[in-house]
Amino acid sequence: MAHQRNVSTLEGVKEKHSVSLKVLRLSRPSLSTQHPLPTPLPSPTGTYASPAASLAYPSTDSHENFILSPLLTLPPAFGSAYVGETFSCTLCANNELLPSPSTSTKTISNVRIEAEMKIPSSATPIVLELGPSSALHDPDEAGAEGAKEKDGHELDAGKSLQKVVSFDLKEEGSHVLAVTVTYSETTPTSGRVRTFRKLYQFVCKGCMVVRTKTGVLPSSPKLPNQENEIRKWALEAQLENCGEETITLDTVILETNEGFKSTGLNWDLVPRGEEIERPILNPGDVQQVCFMVEEIQRGPEPEDGRLIFGVLSIGWRGPMGNRGYLSTGSLGTRLR
Amino acid sequence: MSGSSGEATPNRHARHGSSGRAPVVRRATRGPLDIKDPLSNNPQLRGAPSPLNPPHSSLLSPALHTPNARSPRILSPGRSPGRSPGRSPGGPGQSQYPLTPTTRDFSHLLRPELYHPLSHLDIAPPFRTSQHQPDSSTPLPDLLKSGYFRSAAIAAAAQLTSTTNQISSEDHATIFSLFYTRLSCLTLCGNTQLAAQEVLALEDLNSAYYRSDLDGKHLVPWELRVLAVRLQGMGFNDARRGVMGYYDLGREARSTLSKAKAKLRSTEADEEKAGLTKEIQIWEDRLADLGMRVASALVEMEDLEGAAAFMKTLPATEPGMHMKKALLWLALGDIDAARACIRSAEGEEKDEKEEVIRALAFMAEGEYQEAVTIWEELIARPVSAGAASERAMQRQNLAVSLLYLGGMDEARKHLEVLVDEDNSFHALTFNLSTIYELCTERSRVLKMALAEKIAEREGSARSNQGWEKVNLDFKL
């Protein structure tokens, strides 16, 4: 994690906890890279390193000469967190007691993990849901699921309880993931409930900056059965990738309010049978998009001299498909 | 938005870094012989002035044809490296020079100060002290065969700089073969940065100094020239140089290819035809390989967009091309484009490689459970010859998928089985070490035990994955 604050409540540092908490941000795994060596032509005298040695895994495919391999690597670091992305993180509570019974007669039970996210705009942290509700592929455990969730988990020495949390990042600024671990520690003579809390702080940055402009287009000529002529506008927007990663724009849609309809004049407008080429935005790149907005029949009423067309929703994918999504505030035009 | 809509183009703003768009000025080649080496100020010291400096760089320079005063050594034309077995002797026709054999002084590659000592510090401790460390007398071919790449890099440098068993400074075949071994082994044992420094001693491989007087053939073997492109790009801290270097080689491959094809058309002799056909195949393979290296260089310089545009220009008929494209689309996050690369129709026997892409596409969407299903199905398939390593990849990807679903214990088991099956590739040890870090505070003990287990490896597990692992492999 970017920054970890270790706050042990209640017991302070008096006695070492029998349970540890470990976390890993689950950004998308990445494709392992490789730098295949050019190998000499086979010759009776020449010896050289096995061609497989320079590959991400010892593939026997002789056409493995590309830098990307299908082998996945777990995220090596916390990375950057951006508005619009889903923050995902695994939390592991581990029984740190040594398995040998002679040294320790303690047992750990009732292990529970709770997680909250503190966001910049609110003083009250948001309680996060922990998934999955039961261990995978384990029908025994899945059966008794309900009761166990409430009572916490039994945890043998050396075993771990793994949970995954997800949170949609919507604000820029400092976020704090607060994790509380509660467990019962039992010795032959006594038992007690212990708890500790760890805080993980990270900064969420903006990745997509949107600038918009509305221009008036010539109105369509009035049809005989219409009362008014149909007004038209062009809504243009510049989408800037101000993050540090290359992103691919997925969808850009003007979600119109009642009374308007919009037509995208963008990359998804291709002749039938042709592939859609999604715009790729490297850090600092700007993509311009444009929509034609039309009134449907009778124009809606302006509010405070402004006509509100709707909002712009933008979806993108980062490296390895990491999804980002945001929608703008109300967009419209000022009437003169 | 500002009012200057007239300036705003419908497309995005121009950007540097892509190949082929902005004119790129080639930088003058500079090497350690010019700048970093104190000895370069005193050429008399070892009698080794840089042979590639301007006064000598032209073929027309008479200095090149002066027989070396010390020990002229006659090379037979057949010694030219990179020569295919079946190739007929190159015609000397185009040379306007008398038929003197090529003698070139490469003593600058034999200087001990060129080769860096390798640090021990990055080697994982169990490998540092292991009884499996090779004997210092182990011959170089054995070191290479057994995956002792670090020792092989040291041995290659030792042979190049040996004073007891001195290599003639004109024996370019031996020098370049050892130099290739040195550089390739440095990249295999995690010392690519050192290789990128040492490769600079080759200076400009396009220089005429590297050409045979007899037939204009390059004296440096193809594999070293290709390897040098990426390493020199890194050494000069200019990745675009790498892309251009591949284009230079591509031009040469094309011209060689067209000459060979013309010759094939005009020749009658069956034996010569067979030789030429073989040669054409070699150069076609090289050309295709260069294409992938350009794409890889663009990915390495983080111009994935440029790489995608470039790969669209490559022939789709090349084996594995649509898989490579799919991987690039996934790295870019365009999942639909990656899926579009999968060709087999519904109901058909599903191609294993395409299933891999399908599973990866689900993972990119965050649908880890769907991916698990595919990985499990793939692993359950019977192992055909040569597919064992593919199973290892699939199983390790299954483990990664499981971790994202909260199945850490199961993920750990899969990875540990892979280690027990003699796998030791970086992603495996790295991922397993990551899981060890997640499941206990005492992860160092587990990571050390893992390193110790791999240090005990013998046989093929070593040769094709390298034996000595570095701390980074175990997150130590």
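The structure displayed is predicted, hence computed values, not measured ones.

## Some words on the interface of chain A and chain B
Often, the extent of an interface is quoted as the loss of accessible area upon association of its parts.
Next, step 1: On the side of chain B, 76 residues touch chain A, which itself brings 70 residues to the contact.
Next, step 2: Considering every element that reaches the side of chain A that touches chain B, the biggest residue donor is strand S4 (residues 68-73) of chain A, with five residues.
Next, step 3: Residues belonging to the side of chain A that touches chain B are distributed by class as follows: 32 nonpolar, 28 polar and ten charged.

## Notes on the packing of helix H13 (residues 368-380) of chain B against helix H14 (residues 388-404) of chain B
A pair of packed helices is characterised by two quantities: the angle between their axes and the separation of those axes.
Residue and element names in this part refer to chain B.
Next, step 1: H14 packs onto H13 with a crossing angle of 155 degrees between their chain directions and a minimal axis gap of 9 Å. Taken as axis vectors, H13 and H14 run roughly antiparallel relative to one another. Crossing handedness for the pair H13 and H14: left-handed. Along its contact with H13, which presents Tyr 368, Ala 371, Val 372, Trp 375, Glu 376, Leu 378 and Ile 379, the element H14 presents Arg 391, Gln 394, Arg 395, Asn 397, Leu 398, Ser 401, Leu 402 and Tyr 404.
Next, step 2: Considering only residue class, the contact of H13 with H14 consists of nine nonpolar, three polar and three charged.

## As for the environment of Val 243 of chain B
Next, step 1: Within the element layout of this structure, Val 243 of chain B appears in helix H7 (residues 239-266).
Next, step 2: Sequence separation between Val 243 of chain B and Arg 293 of chain B is 50 residues; the distance between their C-alpha atoms is 8.2 Å.

## Here we look at the domain arrangement of chain A
Residues and elements named next belong to chain A.
Next, step 1: Looking at chain A, the domain boundaries give domain 1 (3-27 + 76-205) and domain 2 (208-334).
Next, step 2: Counting residues at the interface gives eight residues for domain 1 and eight residues for domain 2.
Next, step 3: Here the residues of the side of domain 1 that touches domain 2 are counted per class, giving two nonpolar, four polar and two charged.

## Topic: the environment of Gly 259 of chain A
Next, step 1: Take Gly 259 of chain A: it is sitting in the loop between strand S15 (247-256) and strand S16 (260-264).
Next, step 2: When the C-alpha atoms of Gly 259 of chain A and Phe 309 of chain A are compared, they prove to be 8.5 Å apart, with 50 residues separating the residues in sequence.

## Side note on H7 of chain B
Next, step 1: An ideal rise of 1.5 Å per residue puts 40 Å on 28 residues; H7 of chain B measures up with 42 Å between its terminal C-alpha atoms.
Next, step 2: On its buried face, H7 of chain B sits against helix H6 (222-235) and helix H8 (270-300) of chain B.

## Brief notes about the sheet that holds strand S6 (residues 86-95) of chain A
Next, step 1: Strand order across the open sheet formed by three strands is S2-S6-S10 (chain A), with antiparallel pairing between neighbours. Edge strands, defined here as strands with exactly one partner in the open sheet, are strand S2 (19-25) and strand S10 (160-168) of chain A. Across the sheet, the mean angle separating the axes of adjacent strands is 20 degrees when strand polarity is ignored.
Next, step 2: Bridge count between S2 of chain A and S6 of chain A: seven bridges; the pairing is antiparallel. From the neighbouring strand, Ser 20 of chain A faces S6 of chain A, where its bridge partner is Asn 94 of chain A.
Next, step 3: Of the strands in this sheet, S2, S6 and S10 of chain A touch helix H16 (residues 426-439) of chain B, which is tilted by about 140 degrees from S2 of chain A.

What counts, and at which threshold
- Residues numbered from 1 in each chain as written.
- Chains lettered and ligands numbered in written order.
- Predicted model: local features only at pLDDT ≥ 70, side-chain atom pairs only at ≥ 80, totals over all residues.
- Contact = placed C-beta atoms within 7 Å.
- Helix = DSSP H or I, 4+ residues; strand = E, 2+ residues; numbered from the N terminus.
- Nonpolar A, V, L, I, M, F, W, Y, C, P; charged D, E, K, R; others polar.
- Axes fitted to C-alpha atoms, helices over the stretch in contact; angles between N-to-C directions.
- Parallel < 35°, antiparallel > 145°, perpendicular 65-115°, else oblique.
- Left-handed = near helix turned anticlockwise from the far one by under 90°.
- Domains from an automatic or database assignment.
- Expected span 1.5 Å × (residues − 1).
- Pairing = 2+ DSSP bridges.

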